[in-house]
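Breakdown of the fold
So you can see what is in the structure, the chains are spelled out below.
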Amino acid sequence: MTQSAVSQTVKRLEGELGIRLLSRSTRSLTPTAAGEQLLATLVPNLTELDAKLAELERLREEPGGRLRVTCGKHAADTLV
């Protein structure tokens, strides 16, 4: 994400919540008390989400689904 997209997303979130999450100046950006509280609440959930997504990626590495083989009767009797 670009810096401007992150800024707009945070601004929109602040508008929806009706509270400032970041204190902005020309030289610094620091979280407010509400911003720190929100971050402390979200970090465990984001960590759990990352773990669940990693589990799903492991499923992609394993073959799955139905395998259909078309062959003649002799090959089926001999090999399958």
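Preceding block: the structure.
Here's what I pulled together on the structure shown here.

Rules used throughout
- Residues numbered from 1 in each chain as written.
- Predicted model: local features only at pLDDT ≥ 70, side-chain atom pairs only at ≥ 80, totals over all residues.
- Heavy atoms only, no water.
- Patch = residues over 30% accessible without salt bridge, like charges linked within 9 Å, V, L, I, M, F, W, Y side chains within 5 Å.
- Areas by Shrake-Rupley, 256 points an atom, 1.4 Å probe, with all protein chains shown as cover.
- Salt bridge = Lys/Arg side-chain N within 4 Å of Asp/Glu carboxyl O.
- Helix = DSSP H or I, 4+ residues; strand = E, 2+ residues; numbered from the N terminus.
- Buried < 20%, exposed > 50% of the residue type's maximum accessible area, 1.4 Å probe, protein only.
- 1 Å grid on protein atoms, 1.4 Å probe; cavity = no way out; pocket = protein on both sides within 12 Å on 5 of 7 lines; lining within 4 Å.
- Points joined across faces, edges and corners; volume = space filled by probe spheres on them.
- Nonpolar A, V, L, I, M, F, W, Y, C, P; charged D, E, K, R; others polar.

Some details on a nonpolar patch on the surface
- Together, Leu42, Leu46, Leu49, Leu53, Leu56 and Leu59 give the surface a local cluster of nonpolar side chains, amounting to about 560 Å² of exposed area.
- By the secondary structure assignment, leucine 59 is in helix α2 (residues 33–61).
- For leucine 59, a relative accessible area of 53% translates into the label exposed.

Comments concerning the layout of surface pockets
- Looking at the largest pocket, its volume works out to about 160 Å³.
- In this structure, the largest pocket is lined by Val10, Leu13, Leu21, Leu22, Pro31, Gly35, Leu38, Leu39, Leu42 and Leu46.
- Where the lining of the largest pocket is concerned, the elements lending two or more residues are α1 (3–17) and α2.
- Per-element tally for the lining of the largest pocket: the top contributor is α2, with 5 residues.
- In terms of residue class, the lining of the largest pocket is built from 9 nonpolar, 1 polar and no charged.

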